[in-house]
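Breakdown of the fold
Here is how the chains run, residue by residue.
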Amino acid sequence: MLIRKIEVFLRHTRMPPTKFGRLATRDPRFVLDLRNGRTPRASTEKRVEHFMNKYRETSGAY
């Protein structure tokens, strides 16, 4: 599930959920909404996964 991947990413990078949402989807409530049961579109999932992969590459995070 996407929320599990995001939670691991947030733990490893120590990034606040609101910052993640702003950077990945331009929605600071994105992670909170996922935690509350929101189901993202497939295109949004791809964009979020791409953001996490690029962030790991550029920052050297785990």
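Residues numbered from 1 in each chain as written. Predicted model: local features only at pLDDT ≥ 70, side-chain atom pairs only at ≥ 80, totals over all residues. Heavy atoms only, no water.

Here we look at the environment of Thr-13
Put simply, the test is: To qualify as a helix, a DSSP run of H or I must reach at least 4 residues; to qualify as a strand, a run of E must reach at least 2; elements of each kind are numbered from the N terminus. Between buried and exposed lies partly exposed: a residue is buried under 20% and exposed over 50% of the maximum accessible area for its type, with that area taken using a 1.4 Å probe on protein chains only. Whenever two N or O atoms come within 3.5 Å, that pair is a polar contact, provided that in protein one can donate a hydrogen and the other can accept it, and provided that, for residues adjacent in sequence, both atoms are side-chain atoms.
With respect to the helices and strands, Thr-13 occurs in helix H1 (residues 2-13). Among the residues examined, Thr-13 registers a relative accessible area of 17% and is labelled buried. Separated by 11 residues in sequence, Thr-13 and Leu-2 have C-alpha atoms that sit 16 Å apart. A polar contact of 2.8 Å, which involves the side chain of Thr-13, links it to the backbone oxygen of Phe-9.

Some points on the packing of aromatic side chains
Note the cut-off: The rule is short: rings of Phe, Tyr and Trp, with Trp giving its six-membered ring, pair when the centres are within 6.5 Å, and they are stacked under 30 degrees, edge-to-face over 60, tilted in between.
Within this structure, the stated rule accounts for five aromatic pairs. Judged by centre distance (5.5 Å) and plane angle (70°), the rings of Phe-9 and Tyr-55 are edge-to-face. On the criterion of sequence distance, the pair formed by Phe-9 in helix H1 and Tyr-55 in helix H4 (residues 42-59) is long-range, its members being 46 residues apart. Owing to a relative accessible area of 0%, Phe-9 belongs among the buried residues under this scheme.

Here's the deal with the nonpolar core
Selection criterion: Nonpolar cores were defined as sets of buried Ala, Val, Leu, Ile, Met, Phe, Trp, Tyr and Cys residues, with membership established by side-chain atoms within 4.5 Å.
If you look at the biggest cluster of nonpolar residues, it comprises 14 residues, and the most contacted ones within it are Ile-6, Phe-20, Phe-30, Val-48 and Met-52. At the level of elements, H1, helix H2 (17-25), helix H3 (30-35) and H4 are the ones that each hand at least two residues to this core.

Quick word on the pattern of salt bridges
Formally: The salt bridge definition used is simple: a Lys or Arg side-chain nitrogen within 4 Å of an Asp or Glu carboxyl oxygen.
Counted by the stated rule, this structure contains six salt bridges. Measuring nitrogen to oxygen at the nearest pair gives 3.3 Å for the salt bridge that ties Asp-33 to Arg-38. For Lys-54, the salt bridge identified is with Glu-57, shortest N-O distance 3.8 Å. Here Glu-57 and Lys-54 lie together in helix H4, a separation of three residues that amounts to about one turn.

Re unusual backbone geometry
Glycine aside, residues mostly have negative phi angles, and peptide bonds mostly take the trans form. Positioned with a positive phi, Arg-14 is a non-glycine residue whose angle comes to about 60°. Examined against the element boundaries, Arg-14 turns out to sit in the loop between H1 and H2. One non-glycine residue, Arg-26, lies in positive phi territory at about 60°. With respect to the helices, strands and loops of the structure, Arg-26 is situated in the loop between H2 and H3. For Arg-26, a relative accessible area of 74% corresponds to the exposed category.

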